[in-house]
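Report on the structure
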Amino acid sequence: MNLQFHRKKITVLAMLLSLMLLLLLVRIGYLICVKGDYYSEKATKLHERERDIKAARGRILDRNGTVLADNRLVCTVSVIHNQIENPMQVIDVLCRELGLSEEYVRKRVEKYTALERIQSNVDKETGDRIRDLDIAGIKVDEDYKRYYPYGDLASKVLGFTGGDNQGILGLEVTYEQILKGTDGQILTMTDAKGIEVLREGERRSEPIAGKDLVISLDRNIQTYAMQLAGQAMETKEATGVSILVMNPNNGELYAMVNYPEFNLNDPFTLSGALEETLSDTNTQDALNRMWRNGCINDTYEPGSTFKIITAAAGLEEGVVTKDSSFFCPGYVIVEDRKIRCHKIKGHGSEDFVHATMNSCNPVFVTVGLRLGVEKYCRYFEQFGLRTKTGIDLPGEASTIMHKQENMGDVELATVSFGQSFQITPIQLLTTVSSLINGGVRITPHFGIKSVDARGEEQIFHYSTREGIISGETSALLREILEKVVSEGGGKNGQVQGYRIGGKTATSQTLPRGSGKYIASFLGFAPADDPRVIALAIINNPKGVYYGGQIAAPIIRQLFENILPYLGIMEYNYE
């Protein structure tokens, strides 16, 4: 009886053990056949150390192929704690070669991390010297640092990158996804203690370089415009000078100068000893001001250059013709306000063409009032002034304009000759381009195309909007603005052998009576078939401050040099 009972127990136990063994075999089979790859990958990751291989950032080239932003090969020096055999040797070498303090290096060498970066952007010669010492625990990886061959040229357009080679300002930010590329990796096998298993070697995934960016900026035109801006700032003791040069038919920008510029290869250093006297907050504010692109980030009262917009609206609506007669006594009364002309004695009798040549405020106030608030605001919107231009640079400011419901005749009168509201220089240039090119609203831009390592191109396209004004009004406006330069207040903008159109402006900054002015001149050539348009703005000039006297000569000198360079032939007067 007992023997039979024990036999049953042994049989049951054997069956249970067999079942457990079978389940165990099934589980092992499942782990090997089904989940094998998953756990193999987990184990590999557990014993692998990852180090990035930085991708080369795409270059930025001007329209002629000149490299404006490039890369220099540098090194990143790191330590792997578990692989260090002689900590004091590591500390001594890194302090000596990198010029770092012992406290700084020791803190990182003794830190229990898989990979601790000691210093990036180390010059290649130093990096190679450290690598050649072959000290356990020190890793030297190649990296890239952004380099700008022309220093401060177009600094506020190109922008710069940070320590991680990521765009911080300008085109470097806008086209980050095109320029940045894809980093590679070095994978090194280690044992349980984190020591490299040398026989396993390394696995690498190679980086993919960023694409090159070709832009419309012309280095030669930018350089010359920058020289003119520097001369104007020095001779007029101005606080800043801006110059814009663009193709009015497609929006390609040839130059954008905001003088003074800054050194792209040392963008965090303020000029002079100013930085030493500033707190951290004030230093950052000063850097932000130094980096600021006034052509797109700042607004200003355009003054008489805005009379081009009022003229276009008045001519298009038919409230004025080029032969319309006016009388200027030196002022105009609007409600309870007496708005003066710059010529105190007045211009007397004049037609609209001569009123534009004379930049007569009372006449343009009259045109604005004839249009009325509703129609003027409609044209303001139709011309695109209430929306941003869409330029491919970050931080474009919006137009600051009265709301229609808050505008009375006084506000309308001041807007008509370019006061009591603010726009950006790029907005003014873009809008005038649309009015003189036949009525097509274009998008100002720098980006033309991207090019990858295989030479494959991606052409960029930008929106346009037709029907801003009629072709007839555009042609008449060009004719009137040519008269302004050939016979009117813009005479200093004339270029021998060429037909130039344009408009001067002299606006007083706020608060009124401060004695500070903005002098500007907007010009285009040839007047009958515009292929280039430019705007010069001088902020707070000392002494003579009239746009026709100090800003127009800048555009004249610019055109004298760049019109032949662009292949624009002299006009045949025969």
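Residues numbered from 1 in each chain as written. Predicted model: local features only at pLDDT ≥ 70, side-chain atom pairs only at ≥ 80, totals over all residues. Heavy atoms only, no water.

**Considerations on the pattern of salt bridges**
Two side chains carrying opposite charge are able to pair once their charged atoms lie near each other. Quick reminder of the rule: What makes a salt bridge here is a side-chain nitrogen of Lys or Arg within 4 Å of a carboxyl oxygen of Asp or Glu, nothing more. Working definition: with a 1.4 Å probe on protein chains only, accessible area under 20% of the residue-type maximum means buried, over 50% means exposed, and in between means partly exposed. Strands here are runs of E lasting at least two residues and helices are runs of H or I lasting at least four, both read from the DSSP assignment and numbered beginning at the N terminus.
Applying the stated criterion to the full structure yields 26 salt bridges. Close ionic contact of Glu110 with Arg106 constitutes a salt bridge, the shortest N to O distance being 3.4 Å. Given the relative accessible area of 26%, Arg106 is considered partly exposed. For Arg499, the salt bridge identified is with Glu482, shortest N-O distance 2.8 Å. Linking Arg499 in the loop between helix 17 (471–486) and strand 17 (501–508) with Glu482 in helix 17, this pair joins segments that are 17 residues apart in sequence.

**Remarks on the domain arrangement of the protein**
The test is simple: An automatic or database domain assignment supplies the start and end points of every domain. We call two residues contacting when some pair of their heavy atoms lies within 4.5 Å. Here the quantity called buried area is the accessible surface, traced with a 1.4 Å probe, that two parts lose on coming together, added over both. Following the grouping adopted for this structure description, the nonpolar residues are Ala, Val, Leu, Ile, Met, Phe, Trp, Tyr, Cys and Pro, the charged ones are Asp, Glu, Lys and Arg, and the polar ones are all others, Gly among them.
The domains assigned to the protein are domain 1 (50–188 + 200–215) and domain 2 (253–261 + 292–566). Measuring from the centre of the C-alpha atoms in domain 1 to the corresponding centre in domain 2 gives 47 Å. Counting residues at the interface gives 17 residues for domain 1, matched by 21 residues for domain 2. By the criterion of area lost to domain 2, the three top residues of domain 1 are Lys156, Val157 and Val214, representing 35% of everything that side buries. Counting the contacts that link domain 1 with domain 2 gives 0 salt bridges. Per-element accounting of the side of domain 1 that touches domain 2 gives the leading share, 4 residues, to strand 8 (residues 212–215). Across the side of domain 1 that touches domain 2, the residue classes tally to 8 nonpolar, 4 polar and 5 charged.

**Some details on a nonpolar patch on the surface**
Rules: What goes into a patch is any residue over 30% in relative accessible area without a salt bridge, connected to like charges within 9 Å or, for nonpolar side chains (Val, Leu, Ile, Met, Phe, Trp, Tyr), within 5 Å. Method for areas: the Shrake-Rupley scheme with a 1.4 Å probe, in which residue coverage is limited to the protein chains shown.
On the surface, a cluster of nonpolar side chains totalling about 490 Å² of accessible area is made up of Leu21, Leu24, Leu25, Ile28 and Ile32. Judged by its relative accessible area of 59%, Ile32 falls in the exposed class.

**Digging into unusual backbone geometry**
Note that the residue after Tyr259, namely Pro260, is joined by a cis bond; omega there is 5°. The residue Pro260 is located in the loop between strand 10 (253–259) and helix 10 (280–291) in this model. The linkage connecting Ala525 with the following residue, Pro526, adopts the cis geometry, with an omega of -20°. You can see Pro526 is positioned in the loop between strand 18 (517–525) and strand 19 (532–539). We note that Ala154 has phi near 55°; this positive angle belongs to a residue other than glycine. With relative accessibility at 1%, the residue Ala154 sits in the buried group. Despite not being glycine, Glu335 shows a phi value in the positive range, around 55°. Take Glu335: it is sitting in the loop between strand 12 (331–334) and strand 13 (337–340).

**A look at the packing of helix 12 (residues 307–317) against helix 17**
For clarity, the threshold we go by: Here an axis means a line fitted to C-alpha atoms, over the contact stretch when the element is a helix, while the angle between two N-to-C directions is reported on a 0 to 180 degree scale. Put simply, angles under 35 degrees are roughly parallel, angles over 145 are roughly antiparallel, angles from 65 to 115 are roughly perpendicular, and the rest are oblique. A crossing counts as left-handed when the near helix is turned anticlockwise from the far one by less than a right angle, and as right-handed when that turn is clockwise.
Contact pair helix 12 / helix 17: the axes reach a minimum separation of 10 Å and the direction vectors enclose 135°. The angle between helix 12 and helix 17 falls in the class oblique. Crossing of helix 12 against helix 17: the hand is right-handed. Contacts from Ile308, Ala311, Ala312, Leu315 and Glu316 of helix 12 reach helix 17 at Thr473, Leu476, Leu477, Ile480 and Leu481.

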